[in-house]
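# Summary of structural features
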Amino acid sequence: MNRSREILAVCMVIGFAVATTAFRINPPTVSTSKASVAGSLNPTAPMLAPRSGHSATLLPDGRVLIAGGMRRNQDFYKSAELFQPTGEMNQRRVGHIAVLLASGKVLVAGGWVGQGGTDSAELYDPATGKFTAIGKMTTARGRPSATLLANGDVLIAGGEKQDNESLASAEIFHASTLTFQPTGSMHLARISHTATLLKDGRVLVAGGYASSVAAGAELYDPRSGTFTETGKMGSARCKHTAGLLPDGRVLVGGGSDSRGWDRMNTTEIYDPRTGKFTTGSPMNDKRFKLPDEAVPLTSGKLLVAGGSKEAEIFDPEDGKFVAVTGQMDERWHYMSETRLRDGSVLLAGGYPNSDQATAQTWTYRP
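Residues numbered from 1 in each chain as written. Predicted model: local features only at pLDDT ≥ 70, side-chain atom pairs only at ≥ 80, totals over all residues. Heavy atoms only, no water.

As paired strands, strand β30 (residues 336-339) and strand β31 (residues 345-348) are joined by four bridges and run antiparallel to one another. Its bridge partner lying in β31, Arg339 is registered against Val345. Following β30, the chain reverses through five residues before pairing antiparallel with β31; Gly343 in that reversal takes a positive phi of roughly 95°. (Pairing = 2+ DSSP bridges. Helix = DSSP H or I, 4+ residues; strand = E, 2+ residues; numbered from the N terminus.)

Right under this line is the structure:
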């Protein structure tokens, strides 16, 4: 199965100003049940077109930029919308990165443009609603990871140069000069991995695959510009999710131990103090093709959604998962998750087991 089938999407932007009406839902009735404590998931107004594998970025004014992707296999988009049309990207792309910079602009780069990746990059300016092409990345990359570092630069790692050609290389986007520069390479080529910014400024890269699915993890140190191998996970996994916990540890969960449709519900927790992974509580459902980052809630808990009809909450206090009230109608893969300014989370798009994305959205409310 090629990457475009795995990550199909349509590109749009959802305006938060509209979301405050279209996505407003009455809060759930207070009760003492665990399901009520975990919050609720409800369908909300659909997007203007189906999409999956897109990016979703919360802008400083509260709107959400959803950009890139495809409607179906090889049907790529370059349009972007805020419920009303806004500027188009210069390149049709899916499986790209989108990172909000300190300037308030959004870096959009890489992704697939067919059977291969692209090195093109552009900036979206919310003030003008336009995308502007900037200098190219050092390497074409489909579905790399992107991590906003403490100094405002962006670490871009791995991905695929073309179908079945995973990359170990990494590069830094310098926000001050809008330029890309190579940095140290990972010890393993990886795609469908996770990259999590730790509290000390380092980045934990875990899992993914090249010729095989990886259990190994590495740490990127921005001060030295190098990757160092750290403890291995108990299970090899790719297409999983990861989230930073309030105490600085990292939850890694779900995914697949193969490049097929095998799903996992196992989790592991990485402790940067020891450099080791320990087994965590299992999720309620097996899921893969998840958003790379589990959404951190204001309560310190993590929301895990995608790859399943249900969403669930991880509570670091007792180390367990609780399913939230309400379900989606399908196991939507490669959907997007965006925490809004009121603490709710917008879930948008994705695709089931067929070659067709959805325009549906849901709102999680704690």
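The next point concerns unusual backbone geometry. Residue Leu178 is not a glycine yet carries a positive backbone phi of 55°. Checked against the element boundaries, Leu178 lands in the loop between β16 (170-174) and β17 (179-183). Take Leu178: its relative accessible area is 32%, and that puts it in the partly exposed class. (Buried < 20%, exposed > 50% of the residue type's maximum accessible area, 1.4 Å probe, protein only.)

With that settled, the discussion passes to the nonpolar core. Leu41, Leu303, Leu347 and Tyr364 are the most contacted members of the largest nonpolar core, which has 16 residues in total. Counting only elements with at least two residues in this core, the list comes to β31 and β32 (361-365). Contact partners of Leu347, with chain neighbours within four places excluded, come to Leu41, Leu303, Ala305, Met335, Ser336, Glu337, Gln360, Thr361 and Trp362. (Core = buried A, V, L, I, M, F, W, Y, C linked by side-chain atoms within 4.5 Å. Contact = heavy atoms within 4.5 Å.)

The antiparallel open sheet is built from four strands, whose spatial order is β12-β13-β16-β17. Each edge of the open sheet is held by one strand with a lone partner, namely β12 (145-148) and β17. Here the strands of the sheet are splayed against their neighbours by 25° on average, with no regard to which way each runs. For strand β13 (residues 154-157) and β16, the ladder comprises four bridges, and the chain directions are antiparallel. Bridge assignment links Leu155 to a residue of β16, and that residue is Ile172. (Axes fitted to C-alpha atoms, helices over the stretch in contact; angles between N-to-C directions.)

A separate point is the side chain of Ser258. Here Ser258 shows up in the loop between β23 (250-253) and β24 (267-271). At a separation of 3.1 Å, a polar atom in the side chain of Ser258 contacts the side chain of Asp262. (Polar contact = N/O pair within 3.5 Å; in protein donor to acceptor, adjacent residues only side chain to side chain.)

Within the structure shown, the criterion is met by 15 salt bridges. Of the charged contacts, one joins Arg93 and Glu122 as a salt bridge, the two residues approaching to 2.6 Å between their closest N and O atoms. Taken together, the residues Arg93 in the loop between β7 (84-85) and β8 (97-100) and Glu122 in strand β10 (residues 121-125) connect sequence positions 29 residues apart. By relative accessible area, which is 1% here, Glu122 ends up buried. (Salt bridge = Lys/Arg side-chain N within 4 Å of Asp/Glu carboxyl O.)

Here we take up the environment of Glu165. Within the secondary structure, Glu165 is located in strand β15 (residues 165-166). According to the relative accessible area criterion, Glu165 is partly exposed, its value standing at 31%. When the C-alpha atoms of Glu165 and Ala210 are compared, they prove to be 7.3 Å apart, with 45 residues separating the residues in sequence. Apart from residues lying up to four places away in sequence, Glu165 is in contact with Gly159 and Glu160.

Quick look at the pairing of strand β11 (residues 130-134) now. With five bridges connecting them, β10 and β11 associate as antiparallel partners. Counterpart to Ala121 in the pairing with β11 is Ile134. Hairpin geometry of β10 and β11 is characterised by an intervening segment of four residues between the two adjacent antiparallel strands and by a positive phi of about 70° at Gly129.

Right, let's get into the sheet that holds β30. Sheet architecture is open: four strands sit in the order β1-β32-β31-β30, paired in antiparallel fashion. Looking at strand neighbours, the two that pair on one side only are β1 (40-44) and β30, the edges of this open sheet. On average, each strand axis in the sheet is inclined to that of its neighbour by 25°, with strand direction left out of account. The pairing of β1 with β32 spans five bridges and is antiparallel. The residue bridging Leu41 from the neighbouring strand is Tyr364, located in β32.

Under the criterion given, the structure shown has seven aromatic pairs. On the basis of an interplanar angle of 50° and a centroid distance of 4.7 Å, the ring pair of Tyr124 and Phe131 is categorised as tilted. Residue classification places Phe131 among the buried positions, given a relative accessible area of 9%. Taking 4.9 Å as the distance between ring centres and 50° as the angle between the ring planes, the aromatic pair formed by Tyr270 and Phe277 counts as tilted. What makes Tyr270 buried here is its relative accessible area of 0%. Here the basic side chain of Lys289 rests over the ring of Trp261, its NZ or CZ set 3.9 Å away from the ring centre. (Phe/Tyr/Trp six-rings, centres within 6.5 Å; stacked < 30°, edge-to-face > 60°. Lys NZ or Arg CZ within 6 Å of the ring centre and 35° of its normal.)

Before going further, it helps to spend a moment on the environment of Gly69. When you line up the elements, Gly69 lands in the loop between β3 (64-67) and β4 (70-72). Through-space distance from the C-alpha of Gly69 to that of Gly111 is 8.8 Å; in sequence the pair is 42 residues apart.

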